[in-house]
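Analysis of the macromolecular model
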Amino acid sequence: MIKRAFPFLLYIYLLLLFAGCAGEQQNLPKERFFWPPLPDRPRIEWLGAYSSQLDLPTTSWRQFKEQLFGADVPITFKRPIDIRSDGAGRVYLTDPAIPALVLYDFNERELSSLPKRGSDVQLLAPLTVALDGDGNVYVADGRLNGVVVLDRNGDYLRQIDTSKQIERISAVSIDAKRGRLLVTDTKGQRVGVFSCAGPFLFAFGKPGGGDGEFNFPVAVTVNTMGEIIVADAMNARIQVFDGEGRFLRTFGQRGSGDADFELIKGVAVDSDDNIYVTDGRQHQIKIFSRSGEFLMPLGGKYDVSASGKTGQGGFVLPQGIDIDKNDTIYVVDQLNRRFQVFQYLSAGYLQQHPLPAVSSK
């Protein structure tokens, strides 16, 4: 019996050994992409793009399975919308065409779906996602009329019924310091504020184009000062409010210039409170200071399916955007059916990760 098993065990050992060598090859130096490019002082670095589980680093186990059963069939996106990272290797993505929340686990190098099978609730059309400080996941579902809350393991906790206060959810975000859930309403033209435990607290905004008024608010986030930043899409601007929903300031206008907006889709902030806005029609991320001063654009139109190349920093209809506690930037590149990952190169980050030397030639 032992003699029969030995060749098979030797085969497994060689496969795992080979896979380990292959994994080491992924650490070889690669070309790096910066905005603006060297020798200028870069602000953003491109880290990667992901369109299926096959883009995750290959594990020994996956290589072993592929040797036995053939390559995995890629699980691809159809219409991805929103994305969130917990800053610890777990990235959550919504796609209304997939009746589940997609989880990219970069620690385990696996792709899975939430809630877990057998859960008390199943998602039907997940639209947008947010994470609180405890790692709980808040998923707004277009057909459940509310927000489903899962723990970090994907187990069902509760459902927040927003149907009485919100007519059509477009985005959710967490105000972690205040323990609040922010919900944008593209039909009621306002922002609803709920306790993370569920109860409705208050709302602000009304239809219009004046200060504190909205025309299709599509995204919301909170900066380090507790200010609420709302992407007011059809008014082609960003509005900023205090923690109680009182208007503070606004910036942006409709147009095709570098600092203008054509079709706002998402908003996020980095650790320095710079504001990042995805523009679906210009296929760019536009970066502003906290006060609204235009700093730089990132990206441009690039169709991956037509070119067959990665197109680092190129987009076709960028949507949701998130910046985690590590200043890593995640952007949904909708019509390229993928998400891209960048790094904000703050002064603190560069102290720990110096830039490569630049040749004087």
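This text goes with the structure placed above it.
On a predicted model such as this, the values are computed, not experimentally measured, just so you know.

What counts and what doesn't
Residues numbered from 1 in each chain as written. Predicted model: local features only at pLDDT ≥ 70, side-chain atom pairs only at ≥ 80, totals over all residues. Heavy atoms only, no water. Buried < 20%, exposed > 50% of the residue type's maximum accessible area, 1.4 Å probe, protein only. Helix = DSSP H or I, 4+ residues; strand = E, 2+ residues; numbered from the N terminus. Pairing = 2+ DSSP bridges. Phe/Tyr/Trp six-rings, centres within 6.5 Å; stacked < 30°, edge-to-face > 60°. Salt bridge = Lys/Arg side-chain N within 4 Å of Asp/Glu carboxyl O.

Okay, the pairing of strand β19 (residues 264-269) next. Counting buried residues along β19, 5 of its 6 residues qualify, which places the element largely inside the surrounding structure. With 5 bridges joining them, β19 and strand β20 (residues 275-279) adopt antiparallel strand pairing. Along β20, the bridge assignment pairs Ala268 with Tyr276. The antiparallel hairpin formed by β19 and β20 contains 5 residues in its connecting segment, where Asp273 sits at a positive phi of about 65 degrees.

In this structure the tally under the stated criterion is 17 aromatic pairs. Residues Trp35 and Phe342 carry aromatic rings whose centres are separated by 5.8 Å and whose planes lie at 65 degrees to one another, so their mutual orientation is edge-to-face. Placement of the pair is Trp35 in strand β1 (residues 33-35) and Phe342 in strand β25 (residues 338-344), with a sequence separation of 307 residues. When the ring of Tyr104 is compared with that of Phe106, the centres are 6.1 Å apart and the planes differ by 25 degrees; the resulting orientation is stacked. Judged by its relative accessible area of 0%, Tyr104 is buried. Counting every residue linked through ring pairs, the aromatic cluster contains Tyr50, Phe77, Tyr104, Phe106 and Phe339.

Looking now at the pattern of salt bridges. Summed over all chains, the structure comprises 12 salt bridges. Residue Arg180 pairs with Glu244 through a salt bridge whose shortest N-O separation is 3.6 Å. Taken together, the residues Arg180 in strand β12 (residues 180-185) and Glu244 in the loop between β17 (237-241) and β18 (247-251) connect sequence positions 64 residues apart. For Asp333, the salt bridge identified is with Arg338, shortest N-O distance 2.8 Å. Judged by its relative accessible area of 0%, Asp333 falls in the buried class.

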